[in-house]
Amino acid sequence: MKLELLPKDYIILTGILLTFLATVLGHYHTRRNIKTSKFIDVITTERIKWLSTIRNEVSEVIALITDTLIFYEDEIKRIELDHPTQETMDNENYEFQKHYFDSVTKNAFKKHDHAELKDLTSKLTLLKLRFNPKEDLKTLEIIDFFIDFYKSKYKTENDLKIATEKTELLLTNIQVMLKNEWEKVKKETKGK
């Protein structure tokens, strides 16, 4: 007995074959999309962790720098008051009279030990290692400025003024960089 296929049998077989091919292709594309999605999720998660790390480290470094700058300013003022000029005495007397009934802000904060130079240098170096040497040149220059700043033995009022400006510039650069990186994260989550 010979089995004969009718035209409708060919249509059914073709339909089964096309259904099988469509299922295989759908499965392939689904797996590929899942892998791509997982990859994007991992990259996005790591980028968010990196942003958080940068934010925390920069905050800590700037706080330490600011604390040392206040210390240096107080030290310069103390030295000037130990050997005052007439102008220094006049300025100090004027400030005292001007703020006679005001509270001194720093008296509200608990005195604490200052950071050690090696700790601050270590934090600056660690922060430096987190940036791209080709893309983040301005930020790296500022970090290098502070590494050199803390190597010098003496600080002048002008040095402190420049350091204060560099601190503000570092903060601004980091804010811009964080915003740009956040925009990249948003694009990644949309799959672009």
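Look up a bit, the structure's there.
Here goes a summary of the coordinates provided. (Residues numbered from 1 in each chain as written. Predicted model: local features only at pLDDT ≥ 70, side-chain atom pairs only at ≥ 80, totals over all residues. Heavy atoms only, no water.)

Side note on the pattern of salt bridges
- Enumeration over the complete set of coordinates arrives at nine salt bridges.
- One salt bridge in this structure joins Glu57 and Arg130, with 2.8 Å as the shortest N-O distance. You can see Glu57 sitting in helix α1 (residues 7-82) and its partner Arg130 sitting in the loop between α3 (117-129) and α4 (137-151), a full 73 residues away along the chain.
- On the basis of relative accessible area, Glu57 is assigned to the buried category, the value being 16%.
- We classify Arg130 as partly exposed; its relative accessible area is 30%.
- With a closest N to O distance of 3.3 Å, Glu183 and Lys186 form a salt bridge. In this pair, Glu183 and Lys186 are both assigned in helix α5 (residues 157-189), three residues apart and thus about one turn of the helix distant.
- Overall, the relative accessible area of 35% leaves Lys186 in the partly exposed class.
- Among the charged side chains, a salt-bridge network with shared partners connects Arg47, Glu181 and Lys184. (Salt bridge = Lys/Arg side-chain N within 4 Å of Asp/Glu carboxyl O. Helix = DSSP H or I, 4+ residues; strand = E, 2+ residues; numbered from the N terminus. Buried < 20%, exposed > 50% of the residue type's maximum accessible area, 1.4 Å probe, protein only.)

Some remarks on the packing of α1 against α3
- One can describe the packing of α1 onto α3 by two numbers: an axis separation of 10 Å at closest approach and a directional angle of 145°. The two elements α1 and α3 cross, and the hand of that crossing is left-handed. For the pair α1 and α3, contact is made by Ile54, Glu57, Val58, Glu60, Val61, Leu64, Ile65 and Thr68 and by Leu120, Lys123, Leu124, Leu126 and Leu127, respectively.
- A class-by-class count of the residues in the contact of α1 with α3 yields nine nonpolar, one polar and three charged. (Axes fitted to C-alpha atoms, helices over the stretch in contact; angles between N-to-C directions. Left-handed = near helix turned anticlockwise from the far one by under 90°. Contact = heavy atoms within 4.5 Å. Nonpolar A, V, L, I, M, F, W, Y, C, P; charged D, E, K, R; others polar.)

Re the layout of surface pockets
- Looking at the second largest pocket, its volume works out to about 150 Å³.
- Looking at the second largest pocket, the residues that line it are Phe71, Tyr72, Glu75, Ile76, Ile79, Tyr150, Ser152, Lys153, Tyr154 and Lys155.
- Looking at the lining of the second largest pocket, the element that brings in the most residues is α1, giving five residues.
- Broken down by class, the residue content of the lining of the second largest pocket amounts to six nonpolar, one polar and three charged. (1 Å grid on protein atoms, 1.4 Å probe; cavity = no way out; pocket = protein on both sides within 12 Å on 5 of 7 lines; lining within 4 Å. Points joined across faces, edges and corners; volume = space filled by probe spheres on them.)

Observations concerning the packing of α4 against α5
- The N-to-C vectors of α4 and α5 enclose an angle of 150°; their axes lie 10 Å apart at closest approach. Accordingly, the angle class assigned to the pair α4 and α5 is roughly antiparallel. In terms of crossing hand, the pair formed by α4 and α5 is left-handed. Residues Lys138, Thr139, Ile142, Ile143, Phe145, Phe146 and Phe149 of α4 touch α5, and the partners they reach there are Asp159, Leu160, Ile162, Ala163, Lys166, Thr167, Leu169, Leu170, Asn173 and Ile174. (Parallel < 35°, antiparallel > 145°, perpendicular 65-115°, else oblique.)

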